[in-house]
Every structure is written in C-alpha cells, then in structure tokens.
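As a plain string of letters, each chain reads:
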Amino acid sequence: MSGTFVGMPAFPEAAREAVRDTTLRGNLRHATHTIRAKRAKAVAEVEDWAELREAGKRIKDHTLRHLDRYLEQVEAAVTAAGGVVHWAADAEEANRIVTDLVKATGESEVVKVKSMATQEIGLNEALEAAGVRAYETDLAELIVQLGKDRPSHILVPAIHRNRGEIREIFTREMSEWGRPAPEGLTDTPAELAEAARLHLREKFLRAKVGVSGANFVVAETGTLVVVESEGNGRMCLTLPETLISVVGIEKIVPTWRDLEVFLQTLPRSSTAERMNPYTSTWTGTTDGDGPRVFHLVLLDNGRTDTLADEVGRQALRCIRCSACLNVCPVYERAGGHAYGSVYPGPIGAILSPQLRGTDSEIDASLPYASSLCGACYEVCPVAIDIPEVLVHLRERVVQGGPATRAGNRVVLRPAKGHAAERAAMRAAQWAFTRPGVLRAGQRMASRTRRFHPRTLPGPGRAWSAGRDLPRVPAEPFRDWWQRTRGGKDGAAE
Amino acid sequence: MSSRERSSRERILGRVRRALADVPREEAPYERAVERDYLREHGTRTVAETVELLAENLADYRAVVHRCDEDGLPSVIAGLLRERGAASVAVPPGLEEAWLADTDVTRVPDRAEDTAAALDRVDSVVTACAVAVAETGTIVLDGSPDQGRRRITLVPDHHICVVRVPEQVVASVPQALERLDPLRPSTWISGPSATSDIELDRVEGVHGPRTLEVVLVDGAAASR
C-alpha cells in the first residue's frame, strides 16, 4: 500500500534530501515547465479570465460564509434524488462509514476514481485493514499504488516518475495485482496508457462497488460533478451497482449555473485544456442507468476548523487544480513528498497546517516552505492569496494565539525553535522605538564592520546557511543624510 | 443514518455555525453576492462560423469530424462502421431507424439486463447528443432515448456521435448548461479518452473509446 505521511521530518530536512535527487529534479522541471507554458496559452484564449476568476472566488466565498444552509440543502436534494447522505466529522469516522457500506454489499474489492478526500483520510489503508482491496484506476494513482509510493502532486500524483520508471513499475508489479504488463512493453506514453487500459479493464467490468470524490456538489439540485480525462471515472461512476462518494464539505456550489464558471477555469488551470476529455454529472440515482445505490459522505476532517479562521478560510475555496504547484519555484525543486501531505505545493503549505493543526514538526514548518514570490496567487483560478495565509500561519506558529481544533477554541502556545527569532524581533522593536539607541547601534555596527562574520553563529546559523548576510555600510544612512542634507550639498560621499 | 452519524451531523453543522460567527446576518444574498461580469460567449460569430469552430475544436482534441446532410447520413454511418471493421454496434432505444438503414452490422440493443462484460464485446456505438459546445469542442450526452445508458458510450472502443447542426450547437459552456436538465445524468465528452499523467503531456487512448467520430449533420430540422 502507499506509504504514510506520519512522522515526516520538517520541510527543510525533507527538501534537502529531495534537491540532491537529480532524476527527481529533472522529472519535475520537465513536467512543470511543459504545463506552465500550456496553461498560460489556455488562459490567454479567454479574454474574460479575470472576471471568471473573480466570479469563482465570490461563488466559493458566498457558499463558505453560508455553509450550514448549503449543507442542509445538499442533504435534502441528494436524499430527494434517491441518494443516502452520511456525515463524517473526521477521517476515522469517514473510513468507518465507507468500510461498513462496502462490507454491507458483501464485496471484497472496490474500484476508485482519483480523489483527494479519500487520499487525505487514508481510505485505502482502512479498507485494506478490513479485508477490502481498493484498486486505484487513475493512471497516475495506479503508478503510485503499484510502485508502493506516495503521491507528490494533486493532479498527477506520479509526476515525480518519468516514463522509464513507469515502464519498470508496470513490468514488475502489474502481475501482482491482476493482468500482467504486455510482453516487451516500451516506455512510449501511448503503450504505457494501453498497458493500464488492459490491466484495469477486467476490474472495471466485474466491479460491484465504486468509490469516488467529487469536484463540485450543486446544492440546489444535489448534483455531483467529476472532472477527469481517462474515462476511469466514468467506469467507476456508471458500471458498479453501488457508488460511494466521499466529498469535503467545501466542495459545494449553490446552483447548476455556477458550474459555468468552474467548468471554464478548472480544465484550463489544471491540464491546460479548453475542456478535459470527460466530465460526469449525476443527481442521486437514475432508473436503469448507473448505480442503483448512491451514498454521499460529507467530510469535515479539519475543514470547519479552517473555516473558523477569518484569514485562513480562503484556502477552502481551492478547486484542486494544482496550477500553484506547477508555477512554484520551491515545489519545482523540492518535489511533492517534502511537504509531508497529500496536499503538496503552495496550497498544501496553507491547507495541511490548517486541516491538521500546527502541532507536528512538518506542519509547523510548512508555512515557511515558500519564498513568498506570489506566483501561486497569480495563477490561482479562485484567487486564494496564498502568501497572505502563509504569513498569517507563520505568525500563528511563532506567536501562538487563538485557533480552533476539532471544533474547540484553543489558545496555541508559541512553537519551540523560534525563541531566537522572537528575541530578535523584540530587540528590534525596542531599538526602533528609541532613536538614540538605534543611532548608537548603527554607528557601532559601521565601525566594527571589518570584524563581522559571513555567517551567523548559534541559532542564527540556519538562517544564514541559505542566505548572504547584508554588508553593513561604512556610514549609517541617517548620518549620511544629516551630513549631506540628503545629497543636496553635492557631497554624496 | 445511525444515531452516531446523526450526532456527527449536528456536530458538523454546529462547528460551521460557530466558525461563521463573524458573518453578519444581513449579508448580501446569493443573487447579489456574485457579480457575473464574465462573457456569455467569447467573440461574435455567425451560426455557420460557430459550427465551423466546433468542427475545428473537436478535431484539435483528436475527434474525427465528418459533415453531411440528413439524406447522406445513413451512408456516412455505414461507411464509418465498415472502415472500422465493426461486426456489432450498440444502439440506443430511441435512435432514429433511418440512421442505420444502410448498414447490416449486427445491432446490439441497449438493455438494462446486459452485463458490462457483454458490452465489452461490442465494437462500436452510434448515438445522438443533447448539445455541442463550439468553444471547447465538447459534445454532451444526457441519457435521452437517442443516446442510451451512459455505459454504451463508454465500454465500446469506437463512438460515432451525430450532432444536428446548427440547432444542437451552442457557442459556450454557459449556454450549454442552460440547455441541460441537471436531474438527468450528463456526460461531457471532449475528444477521445486521454491522459496527462505521464510527464504532464497529453496522450490519447486510455479507458474510454479511443476513437471518437462526430458527424455534423446539416438541415436535420428542415427535413423533419
């Protein structure tokens, strides 16, 4: 089964490992640069991109700000359409609900559409523990599952693998799970896709239970939407007798009409296409077409905690397009695994510490996994100001303060390891509010500048390991200003 | 819903309400909260140009596009099935009889009791569609009698889809959604099955039909 994220080292350690892996660096650079140029072209095709982005932001904000009402509306509409709605406060509860539903069908295997929500809760592992085998059917998820690997990208979880590695995994592992890879399989993408088609077809045809997530849930009608490329989603959504969809409570949009915004922005932002090959919509069950039984599991798992944070709640607007990963200079070099979460990249750096809290080393380090360059904000199709939330979360890590965990208001203690930073900031505040002290300090720094070290000692060492210390000028700026009256005397030196 | 789940429902709704304590009661309702300054369609085109754009965009994503008039349709469909070497074709219950008049390929009716495995042995499928979107090169099926169950356009490897032009063609995604009933299951198809999962580059042909042929049939309305 895919590896776990528990006990991940903090981002800097994990990233240091990753940047030394030249194959990984090459794979990521190739993939992210390919998609970057294509996305820019796909977005440039629509002259109203800014307006679509603003509308998407407002639809999501409005829904989130009235989420209780829309959740009740979803429940009523899905139930009226023949579906059964379940509520899961956390991962454990969601896994228990799904496992019980699968067990009740008497089946011991399920086919799965790629879903971030089920990745997040570790559903495959929970099903495995209950004796149910979950087959991932998305090509990239299949590569991760067969390779006993972890996902490293929201859209393309196997982005860290190149075609040669994929060929090797298929040849080695497919026979363990079912139909072996064809003899003499080469590494051309078309042949690899064909191998996946053959391997999974028997599983699709016999599957009695399908498990999915959803990209959107329409409150007024109870309609679910899955946006995909390969047709594995259609297989899982239409061939089985029972369909179980696990959906985060932030996936709701109020009306059918709202899809007109996201069905334009999502494909262009994710795979850089005018439209993805397949989009499926369904409302409850349909007589004689598709599953006869439909369950919707509404998942909280930290989302209401995120919603309680007035700055951080904008992260819940995310439609999981992964454009922010593809443009991020940090992601491009560190790769997805270093983020220690199914949500890597810039969005992961603000989502994981909010969904899971900042207690663990990895979650406390994620708000720092950014250069704050802002490229993520610029490409985000729902205008999430990721740098703003990153800075907000850094503040929470360093200073502590009020937060909501599992529905309860708590006061977080300042994180360990930031004592020197806090002390430096306090000292700076003290000096900056006392002009005499500041002047004396600056003069002292200028006079002793020959003796300044190139790197900081003690707790400052980590900071200066990746940065050059600024050179102190021979004369403090304020002295120079007074001496030359701002350069007006012509005596600039 | 078990009592445990019922309590989770109350717990989640309670958490949501507490989380939103800062949201003013009198906040703008949905109708006013969302400004829709974006376009209903991109650019202005004549009806013929919109159909032309559909053909272009379908072809751009590797659908094979054919054009004919109503009278020529049966022979076009027969020709496509012959070229494909299809021995059998899945037929939705409400497909116009005349469309298959020129072919003697074995017809497999779309029946609820047939298994997916049986459908896997069928070579091709012919359907109509609900609407087609020019800007994105998309055809949409909504399970109407001339389109059949969702699986018949999924399991066979060769899909022939007939679009009546210009009446079934809209320019944009917003216009397509207006024409669709959300209570019917819909499938939006833009080209044959594809993936971007290997090095983020698009390759055609994974689980859905690997060959998608779209026949744009002119003047269907006039002849009926």
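Residues numbered from 1 in each chain as written. Chains lettered and ligands numbered in written order. Predicted model: local features only at pLDDT ≥ 70, side-chain atom pairs only at ≥ 80, totals over all residues. Heavy atoms only, no water.

**Quick word on the overall build of chain B**
A tally of regular secondary structure across chain B gives seven helices and 12 strands. In terms of overall size, chain B is more extended than a compact globule, its C-alpha atoms giving a radius of gyration of 22 Å where 224 residues would be expected to give roughly 17 Å. Buried residues in chain B amount to 58% of all 224 residues. A separation threshold of at least 6 residues defines the contact pool for chain B, and within that pool the share at least 24 residues apart is 72%. For chain B, the accessible surface area stands at approximately 9300 Å², while carbon and sulfur atoms represent 48% of it. When the 28 positive and 39 negative side-chain charges of chain B are each reduced to one mean point, those points stand 10 Å apart. (Helix = DSSP H or I, 4+ residues; strand = E, 2+ residues; numbered from the N terminus. Rg over C-alpha atoms; globule rule 2.2 N^0.38 Å. Buried < 20%, exposed > 50% of the residue type's maximum accessible area, 1.4 Å probe, protein only. Contact = heavy atoms within 4.5 Å. Areas by Shrake-Rupley, 256 points an atom, 1.4 Å probe, with all protein chains shown as cover. Lys, Arg positive; Asp, Glu negative; His and termini not counted. Charge placed at Lys NZ, Arg CZ, Asp CG, Glu CD.)

**Some details on helix 9 (residues 163-177) of chain A**
Between the first and last C-alpha of helix 9 of chain A there are 20 Å, a value that for 15 residues agrees with the 21 Å anticipated at 1.5 Å per step. The principal kink in helix 9 of chain A, of about 35 degrees, is found at Thr 171 of chain A. Burial in helix 9 of chain A covers these residues: Ile 166, Ile 169, Phe 170, Glu 173, Met 174 and Trp 177 of chain A. The elements touched by buried residues of helix 9 of chain A are strand 3 (133-136), helix 8 (139-146) and helix 10 (189-206) of chain A together with strand 10 (194-198) of chain B. (Expected span 1.5 Å × (residues − 1). Bend = angle between axes of the 7 residues up to and from the residue.)

**Let's talk about the UniProt feature "domain: LUD" (unreviewed entry) in chain B**
In the numbering used here, UniProt assigns the "domain: LUD" (unreviewed entry) feature to residues 52-217 of chain B. The straight-line gap between the two end C-alpha atoms of residues 52-217 of chain B is 13 Å; of that span, 19% is helix and 33% is strand. (UniProt positions renumbered as here; feature names shortened; annotations may be inferred.)

**Some points on the side chain of Thr 281 of chain A**
Secondary-structure assignment places Thr 281 of chain A in strand 9 (residues 278-283). Residue classification places Thr 281 of chain A among the buried positions, given a relative accessible area of 2%. A polar atom in the side chain of Thr 281 of chain A sits 2.7 Å from the side chain of Ser 186 of chain B. With sequence-adjacent residues up to four places away left out, Thr 281 of chain A is seen in contact with Thr 223, Leu 224, Val 225 and Trp 256 of chain A together with Arg 184, Pro 185, Ser 186 and Trp 188 of chain B. (Polar contact = N/O pair within 3.5 Å; in protein donor to acceptor, adjacent residues only side chain to side chain.)

**Overview of the nonpolar core**
Side chains of nonpolar character tend, in soluble globular proteins, to be buried together. Ranked by size, the top nonpolar core spans 146 residues in total, and within it Phe 11 and Phe 170 of chain A together with Trp 188 of chain B carry the most contacts. Each residue touching Phe 170 of chain A, except ones within four places of it in the same chain, is listed here: Leu 139, Leu 142, Ile 143, Leu 146, Ala 181, Leu 185, Leu 192, Ala 195 and Ala 196 of chain A. (Core = buried A, V, L, I, M, F, W, Y, C linked by side-chain atoms within 4.5 Å.)

**As for the environment of Gly 486 of chain A**
Relative to the helices and strands, Gly 486 of chain A resides in the segment after helix 23 (477-484). If we skip the residues at most four places from it in the chain, Gly 486 of chain A touches Trp 480 and Trp 481 of chain A.

**Quick look at the interface of chain A and chain B**
Counting residues at the interface gives 103 residues for chain A and 80 residues for chain B. Across the chain A/chain B interface, buried area totals approximately 8200 Å², and carbon plus sulfur atoms make up 55% of it. It is Arg 197, Trp 256 and Arg 274 of chain A in chain A that bury the most area against chain B; as a group they hold 9% of the surface buried on that side. Put simply, chain A and chain B have 16 salt bridges between them. With its nearest N and O atoms 3.0 Å apart, the salt bridge here joins Glu 199 of chain B to Arg 163 of chain A. The interface formed by chain A and chain B holds 49 residue pairs in polar contact (both at pLDDT 80 or more) in total. (Buried area = accessible area lost by both parts, 1.4 Å probe. Salt bridge = Lys/Arg side-chain N within 4 Å of Asp/Glu carboxyl O.)

**Considerations on the side chain of Arg 151 of chain B**
Residue position: Arg 151 of chain B is located in the loop between strand 6 (138-141) and strand 7 (158-165). No salt bridge is formed by the buried Arg 151 of chain B, whose closest oppositely charged neighbour, Asp 110 of chain B, lies at an N-O distance of 4.9 Å. Residues contacting Arg 151 of chain B, with those up to four places away along its chain left out, are Leu 239 of chain A together with Arg 111, Ala 112, Asp 114, Thr 115, Ala 116, Leu 119 and Pro 156 of chain B.

**Some remarks on the UniProt feature "domain: LUD" (unreviewed entry) in chain A**
Mapped onto the present numbering, the UniProt feature "domain: LUD" (unreviewed entry) falls on residues 71-285 of chain A. Between the first and last C-alpha atoms of residues 71-285 of chain A the distance is 19 Å; the span itself is 46% helix and 19% strand.

**Comments concerning the packing of helix 2 (residues 22-44) of chain A against helix 12 (residues 259-270) of chain A**
All names here are of chain A. Between helix 2 and helix 12, whose axes approach to 8 Å, the crossing angle comes to 155 degrees. Regarding the angle of helix 2 to helix 12, the classification is roughly antiparallel. Residue-level inspection shows Ile 35, Arg 39, Ala 42 and Val 43 of helix 2 in contact with helix 12, the latter providing Arg 268, Ser 269 and Ser 270. Per-class residue counts for the contact of helix 2 with helix 12 are three nonpolar, two polar and two charged. (Axes fitted to C-alpha atoms, helices over the stretch in contact; angles between N-to-C directions. Parallel < 35°, antiparallel > 145°, perpendicular 65-115°, else oblique. Nonpolar A, V, L, I, M, F, W, Y, C, P; charged D, E, K, R; others polar.)

**Points about the sheet that holds strand 1 (residues 64-69) of chain B**
Residue and element names in this part refer to chain B. An order of 1-12-7-4-2-3 is seen for the six strands of this open sheet, with the pairing classed as parallel. Edge positions in the sheet fall to strand 1 and strand 3 (106-109), since each has one partner strand and no second. Mean inter-strand twist for the sheet, computed between neighbouring axes without regard to direction, equals 25 degrees. Across four bridges, strand 2 (residues 88-91) lies against strand 3 in parallel orientation. Its bridge partner lying in strand 3, Ala 90 is registered against Val 108. Strands in contact with helix 3 (residues 47-60) are strand 1, strand 7 and strand 12 (211-218); relative to strand 1, the strand with the most contacts, it is inclined by about 150 degrees. (Pairing = 2+ DSSP bridges.)

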